[in-house]
Amino acid sequence: SQVSLEEESQNPPAVGHWKPLMPSKGDKEEPEGGCQDAGGVHEGQSTEQLNVSRLRSSSVEIREKGSEFLRDELHKAQKELKLKDKECERLSKVREQLEQELEELTASLFEEAHKMVREANTKQAAAEKQLREARGKIDMLQAEVTALKTLVITSTPSSPNRELHPQLQSPSKGGFRKGHGRNKSTSSAMVSAASQNVAPEPVSRECREVDSILFAEFQAWKESPTLDKSCSFLDRIYREDVGPCLDFTKQELSELVRVAVEQNTLTIEPVAFQTVPVGKVAAEECGGPKKCALSGLPRTCKHRIMLGDSGNYYYISPSCRARITAVCNFFTYIRYIQQGLVRQDVELMYWEVMRLRREMSLAKLGFYPSEM
């Protein structure tokens, strides 16, 4: 278009041939005036062309600047887009990692929950089993307590009831029985008193006087009964009665016997009641029917003892049996007091303890019933 305009400017139209497209009314054809108009039109066209060229150059300049600006903006947008892509990629990796960790955590939590449920079920089953066993033991202990209360009411160490305890009958009256006759130290509290030939003298014929020191020690022990020998009451009895009474020639075996009596695990069995083969007896027992294991002296042994559940038996002479039985009687009675099975006046309980101490002293000095 610019070329065509330049050609038109170089070849101006002939003067006098230009006619207006729409002549106004009253206008007359004037050749001279037309020439003048043609010259003005040519100058206006030249100015218009200059203006157009200027506009075109400015538009090109604006277009170039706009394209350059758009390119810069495009580069910036592309950079931002790349950064966004990297950020999206990083966030997607983080999301995948978090999802994986969440799955692992969920799996571990479910596994831990199942494990805890299994352990809880196992513990519940064990607790229910222990509860059933405990209830059975409670029922058994209640029955034993009832029986012991009946025993204490009807039979005391000072006056045992022979009808309730046929094992207290003397061998000459009761005769021998087949099988094993086992007398635990807990039930041997009435053996010595039951086997006496002479009936005890009535209380009214004895002259007794309470020792204030011994009675005060017993009262203090009675307030909080215990088997701990560190208290003054038991410490005195250990020193004056229990220790000397269980002090035999065989010191090591004597210590074992003392521990068994304290722990209530000593068993005394009559030898005549046993039907154990001779070879086994000879292999497991210490001493023999003609030798005492505690004193080491040749004596006729009618009983033997077993310490706990060791299975080893020791023959003992009647004198050693009387000493052990006297100590067992004492411990049995104070255990009854500790368990609340003796419901007597404090002074009566004190005199019973003194009587048991006297039996230990007599047994230590060698006095024992002939039926032992």
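Look above for the structure.
Because the structure is a prediction, the values reported are computed rather than measured.

A. View of the pattern of salt bridges. In total, this model carries 13 salt bridges according to the counting rule given. The partner of Glu 87 in a salt bridge is Arg 90, with the nearest N and O atoms 2.5 Å apart. You can see Glu 87 and its partner Arg 90 sitting in helix H2 (residues 31–154), 3 residues apart, about one turn around the helix. Look at Arg 90 and you get partly exposed, because its relative accessible area is 43%. Put simply, Arg 258 and Glu 255 hold a salt bridge, and the shortest N to O gap is 2.2 Å. Taken together, the positions of Arg 258 and Glu 255, both in helix H7 (residues 251–262) and 3 residues apart, correspond to about one turn of that helix. On the basis of relative accessible area, Glu 255 is assigned to the partly exposed category, the value being 39%. Sharing partners across several salt bridges, the network here consists of Glu 217, Arg 236, Glu 240, Asp 241 and Arg 357.

B. Structural detail: a negative patch on the surface. A contiguous patch of negative charge, built from Glu 64, Glu 68, Asp 72, Glu 73 and Glu 80, is present on the exposed surface. Structurally, Glu 80 is set in helix H2. Glu 80 gets classed as exposed once you look at its relative accessible area, which sits at 52%.

C. Summary view of a positive patch on the surface. Judged by side-chain charge, Lys 76, Lys 79, Lys 82 and Lys 86 come together as a positively charged surface patch. For Lys 79, the position within the fold is in helix H2. Here Lys 79 falls in the exposed class, since its relative accessible area comes to 58%.

D. Quick peek at unusual backbone geometry. Although it is not a glycine, Asn 264 adopts a positive phi angle of roughly 60°. Mapped onto the secondary structure, Asn 264 falls in the loop between H7 and strand S2 (266–270). Residue classification places Asn 264 among the partly exposed residues on the basis of a relative accessible area of 24%.

E. Just the packing of aromatic side chains, in detail. Per the stated rule, a full pass over the model turns up 8 aromatic pairs. Seen in terms of ring centroids, Phe 218 and Trp 221 are 5.9 Å apart; in terms of plane orientation they differ by 35°. Their pairing is tilted. Residue Phe 218 and its partner Trp 221 are both found in helix H5 (residues 212–223); the two are separated by 3 residues, about one turn of the helix. Overall, the relative accessible area of 0% leaves Phe 218 in the buried class. Here Trp 221 falls in the buried class, since its relative accessible area comes to 3%. Between Trp 221 and Phe 233, the aromatic rings sit 5.1 Å apart at their centres with planes inclined by 35°, giving tilted as the arrangement. Within this pair, whereas Trp 221 is found in helix H5, its partner Phe 233 is found in helix H6 (residues 232–245), the two being separated by 12 residues in sequence. In terms of burial, Trp 221 and Phe 233 fall into one category: buried. Lying across the ring of Tyr 238, Lys 229 places its NZ or CZ 5.2 Å from the centre.

Rules used in this analysis
- Residues numbered from 1 in each chain as written.
- Predicted model: local features only at pLDDT ≥ 70, side-chain atom pairs only at ≥ 80, totals over all residues.
- Heavy atoms only, no water.
- Salt bridge = Lys/Arg side-chain N within 4 Å of Asp/Glu carboxyl O.
- Helix = DSSP H or I, 4+ residues; strand = E, 2+ residues; numbered from the N terminus.
- Buried < 20%, exposed > 50% of the residue type's maximum accessible area, 1.4 Å probe, protein only.
- Patch = residues over 30% accessible without salt bridge, like charges linked within 9 Å, V, L, I, M, F, W, Y side chains within 5 Å.
- Areas by Shrake-Rupley, 256 points an atom, 1.4 Å probe, with all protein chains shown as cover.
- Lys, Arg positive; Asp, Glu negative; His and termini not counted.
- Charge placed at Lys NZ, Arg CZ, Asp CG, Glu CD.
- Phe/Tyr/Trp six-rings, centres within 6.5 Å; stacked < 30°, edge-to-face > 60°.
- Lys NZ or Arg CZ within 6 Å of the ring centre and 35° of its normal.

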